[in-house]
Every structure is written in C-alpha cells, then in structure tokens.
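Commentary on secondary and tertiary structure
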Amino acid sequence: MADLSTTVAGVHLDNVFFNASGVWCQHEEELKALLESGSGSLITKSATFEHREGNPSPRYLPLPGGVGSINSMGLPNEGYEYYLNYAKQFDYTQAKPLFISLSGLSLADNVKMVTAFVEADLPCILEVNFSCPNVPGKPQLGYDIDAMDAALATLAPLIKKPFGIKLPPYFDIAHFDQVAAVVNKYDNLAYVTCINSVGNGLAIDLDTETALIKPKDGFGGLGGLMVLQTALANVNAFYRRLPNKQVIGVGGVVSGKEAFLHILAGASAVQIGTQLKEEGPAMFDRIKKELQEIMEKKGYKSVNDFRGKVKTL
Ligand code: DOR
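Residues numbered from 1 in each chain as written. Predicted model: local features only at pLDDT ≥ 70, side-chain atom pairs only at ≥ 80, totals over all residues. Heavy atoms only, no water.

Our focus in this paragraph is the environment of Gln-94. Turning to its location among the elements, Gln-94 is positioned in the loop between α2 (80-89) and β7 (98-102). Taking the C-alpha atoms as reference points, Gln-94 and Cys-25, 69 residues apart in sequence, are found 18 Å from one another. A distance of 3.3 Å separates a polar atom in the side chain of Gln-94 from the backbone oxygen of Asp-91. Reaching out from Gln-94, the side chain makes a polar contact with the backbone oxygen of Lys-96 at a distance of 2.8 Å. (Helix = DSSP H or I, 4+ residues; strand = E, 2+ residues; numbered from the N terminus. Polar contact = N/O pair within 3.5 Å; in protein donor to acceptor, adjacent residues only side chain to side chain.)

Right under this line is the structure:
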C-alpha cells in the first residue's frame with residue numbers, strides 16, 4: 001500500500017489530506033466528523049475576535065456542470081474563544097494534528113487572538129488567513145504585500161513556533177516573486193497554503209437573469225475544479241521560491257488525480273473544500289484510495305517520491 005504520510009510544520013500526518021478551512025469546520029459536530037473521517041488532519045473555520053453571523057443567504061452554491069462553487073460566506077464563525085476552548089480540550093494523543101485558522105479583521109485583532117493562543121501554550125498549529133475575499137469593506141491583505149509584510153513582522157515573533165499563512169491566488173510572476181521575498185524573511189513562517197478561493201467571480205442564472213448568491217451584488221469566491229490550474233500554478237510558484245518552507249495545496253481537488261497533481265507541483269499536504277462540502281467527509285477514504293491507485297500504477301511508494309517533480313518542456 002503506497003504511503004500517503006507527510007510532515008507539515010514539523011508535525012506528522014498519517015495522510016496528506018485535510019479540509020480546507022471554512023468547509024465542514026465551524027462547529028464541534030463537524031470537527032468531530034473530520035476526526036472520525038479518513039483525513040490526515042483537520043483545520044478550524046477562520047476565527048475572528050467576535051462571533052460573526054456572516055453574510056445573508058444564499059451565500060454558497062455549487063455551480064452547474066460540476067465546475068465548482070461560488071461562496072460569499074463572510075466569515076461566519078463562533079469567535080476565537082470557541083476555537084481556543086476546542087483546542088484546549090483537544091486530545092493531542094490521537095493521530096491527527098490540529099490546525100487553527102485565524103482571520104482577524106484588523107492586525108490588532110490578530111495580535112489579541114495570537115497572544116491568547118500563545119499564552120495557552122497548545123501543540124496546535126496556527127494558520128493566519130490573509131485572503132478572505134468576502135467581508136464587505138475589508139480588502140484581502142494578501143494583495144497588499146507591504147501590509148502583509150508589516151502584519152508578519154508583528155505576528156511571527158509573537159507566535160515564535162512554526163506557523164502558516166493562507167494566501168490568495170496570484171496571477172503575475174512579479175507578485176509570486178514579491179510575496180516569496182516577504183515569506184522568506186520570517187524563519188518560523190513554516191508554510192503557505194495556496195490558494196484561497198478566486199475572489200469576486202459573478203455567477204448568473206440564464207433563465208432568471210439573476211445573480212446566484214445574495215451578498216455583494218452576487219460577487220463571491222470561486223472554488224472547485226475550475227480553479228485547479230490556478231491552484232497548481234500557485235503551489236508550484238511558491239514551491240520553487242520557498243526552498244526552506246512548505247506549501248499546502250488547495251483548489252480543484254475532486255479525486256485522487258488532482259491530489260496527485262498538487263503533490264507533483266510541490267504540495268506537502270492537500271486540503272479539500274468544495275468537494276468536501278458536496279460529498280461529506282466519507283470523501284477522504286475515496287480520494288486516498290484513488291491517490292494510492294495512481295501511485296501504485298506509477299511505481300511510487302511514498303509522496304516524497306514525486307513531490308515537486310513536475311517536468312517542464
Ligand atoms: O472563500 C472564502 N470564504 N475564503 C475565506 O477565507 C473565507 C470564506 C468566507 O467565510 O467567506
């Protein structure tokens with residue numbers, strides 16, 4: 001049986017798969033289902049300082065033809081204390097490491113949340129989300145590279161331990177270079193997660209001539225199969241530019257095939273959003289089996305055998 005295990009930020013995962021933050025992870029019941037699933041890990045919904053209801057519904061829809069999804073959830077979450085309490089009572093002796101996503105609406109909020117987690121001194125890994133496209137009036141920090149640098153200059157020394165950041169997709173080689181230069185400045189910034197949803201798409205129904213989701217005049221983040229190549233490009237661009245760090249791939253994984261491609265592009269772990277939302281946590285066993293079948297057919301014994309080894313012409 002091919003070995004799907006990996007290490008991220010110094011912790012062992014029995015297999016490379018986990019949920020994309022935001023999908024199946026707002027409440028304890030969902031986190032419990034992830035713990036009981038075939039995933040190798042789990043990450044919580046991005047927390048803000050206060051509880052948030054998020055944007056008005058409909059705010060998530062799968063798109064026709066299985067191409068993917070659009071969402072403008074607007075960071076509905078229970079507030080960071082809920083996830084801090086969850087992290088405090090988490091059983092760290094079981095196999096899956098716990099990742100905690102934080103998405104403060106200001107640097108001051110991120111500082112307060114990070115400080116509370118650091119003071120609790122827990123073996124969970126923090127992932128700071130710099131890329132939510134769906135909070136009206138709040139631009140994505142990942143697109144303001146100087147502001148992201150300033151945030152990291154404050155947060156990285158506070159966190160001290162290895163941590164990660166969730167990045168938006170980039171579409172320009174100059175931006176890959178600039179973001180990588182910033183990320184490389186921070187020693188304990190151990191990994192980047194690429195990509196958040198492709199922000200501010202517009203899905204319109206032909207018959208009713210109406211936007212499919214309600215918030216922001218119908219504008220929302222795109223995910224699922226239609227973002228696969230953008231995700232692979234971002235994974236590979238950062239894999240090439242961050243030699244001492246890791247990349248977690250997310251975007252467009254619906255089967256073992258896309259997971260294989262993410263790892264080939266350089267991913268150390270693979271998160272799944274839209275497909276998890278549509279299929280539920282039983283999906284992890286299917287995708288693991290499909291990835292193992294591909295690896296066995298190609299003669300790869302472990303994910304290390306082909307990680308980052310995409311060939312170019
Ligand atoms: O697509 C996204 N939706 N990305 C995020 O970071 C947050 C989420 C939401 O709650 O809107």
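Below, the discussion takes up the UniProt feature "domain: Dihydroorotate dehydrogenase catalytic" (unreviewed entry) in the protein. According to UniProt, the feature "domain: Dihydroorotate dehydrogenase catalytic" (unreviewed entry) maps to residues 4-295 in the numbering used here. A helix fraction of 35% and a strand fraction of 22% characterise residues 4-295, whose end C-alpha atoms lie 10 Å from each other. (UniProt positions renumbered as here; feature names shortened; annotations may be inferred.)

Before going further, it helps to examine helix α4 (residues 145-159). End to end, α4 covers 20 Å across 15 residues, agreeing with the expected 21 Å (1.5 Å per residue, within 8%). If you look at α4, its biggest bend is around 25 degrees, right at Leu-152. Along its buried surface, α4 packs onto α3 (107-120), β8 (125-129), β9 (163-167), α5 (173-183) and β10 (189-194). Backbone geometry just after α4 places Lys-160 at a positive phi near 65 degrees. (Expected span 1.5 Å × (residues − 1). Bend = angle between axes of the 7 residues up to and from the residue. Contact = heavy atoms within 4.5 Å.)

Before going further, it helps to spend a moment on the nonpolar core. Note on soluble globular proteins: their nonpolar side chains tend to be buried together. Grouped together as the largest cluster of nonpolar side chains are 81 residues, with contacts concentrated most on Ile-165 and Phe-238. No other element matches the seven residues that α4 contributes to this core. Core analysis: the next-biggest nonpolar cluster, separate from the first, contains 11 residues, Leu-13, Tyr-191, Ile-248 and Ala-269 among them. (Core = buried A, V, L, I, M, F, W, Y, C linked by side-chain atoms within 4.5 Å. Buried < 20%, exposed > 50% of the residue type's maximum accessible area, 1.4 Å probe, protein only.)

Our focus in this paragraph is the pattern of salt bridges. All chains considered together, the criterion is met by eight salt bridges. Salt-bridge contacts for Glu-36 lead to Lys-32; the nearest nitrogen and oxygen are separated by 3.2 Å. Of this pair, Glu-36 and Lys-32 both sit in helix α1 (residues 28-36), separated by four residues, roughly a single helical turn. Here Glu-36 matches Lys-32 in class, with each residue exposed. (Salt bridge = Lys/Arg side-chain N within 4 Å of Asp/Glu carboxyl O.)

With respect to the helices and strands, Gln-26 occurs in the loop between β3 (17-19) and α1. A distance of 2.9 Å separates polar atoms of two side chains, one belonging to Gln-26 and the other to Glu-78. The residues touching Gln-26, leaving out its near neighbours within four places in the chain, are Lys-45, Pro-76, Asn-77, Glu-78, Tyr-82 and Tyr-83.

As a further point, take the packing of α2 against α3. Geometry of a packed helix pair, given as the angle between the helix axes and the separation of the axes. Packing of α2 against α3 leaves a shortest axis separation of 11 Å and a crossing angle of 15 degrees. In terms of axis orientation, α2 runs roughly parallel to α3. In terms of crossing hand, the pair formed by α2 and α3 is right-handed. Each of Tyr-80, Tyr-83, Leu-84, Ala-87 and Lys-88 in α2 lies in contact with α3, whose residues at this interface are Met-113, Ala-116, Phe-117 and Ala-120. (Axes fitted to C-alpha atoms, helices over the stretch in contact; angles between N-to-C directions. Parallel < 35°, antiparallel > 145°, perpendicular 65-115°, else oblique. Left-handed = near helix turned anticlockwise from the far one by under 90°.)

Time to look at the packing of α5 against helix α6 (residues 228-241). The interhelical angle for the contact between α5 and α6, taken along N-to-C directions, is 50 degrees, at an axis separation of 10 Å. With respect to their mutual orientation, α5 and α6 come out oblique. Remark: the crossing between α5 and α6 carries right-handed chirality. For the pair α5 and α6, contact is made by Ile-173, Phe-176, Asp-177, Val-179 and Ala-180 and by Ala-233, Asn-234, Ala-237, Phe-238 and Arg-241, respectively. Partitioned by chemical class, the residues of the contact of α5 with α6 number seven nonpolar, one polar and two charged. (Nonpolar A, V, L, I, M, F, W, Y, C, P; charged D, E, K, R; others polar.)

Right, let's get into the side chain of His-262. Note on placement: His-262 falls in helix α7 (residues 256-265). Take His-262: its relative accessible area is 0%, and that puts it in the buried class.

What follows concerns the sheet that holds β3. Across the sheet, eight strands lie side by side as β3-β16-β15-β10-β9-β8-β7-β4; this open sheet has parallel pairing. What marks the edges here is a single partner per strand, and that holds for β3 and β4 (42-43). Examined bridge by bridge, β9 and β10 share five bridges and lie parallel to one another. Note that in β10 the partner of Ile-165 across the bridge is Val-192. On top of the sheet, α7 reaches β3, β15 (246-250) and β16 (269-272); it is set at about 140 degrees to β16, its chief contact. (Pairing = 2+ DSSP bridges.)

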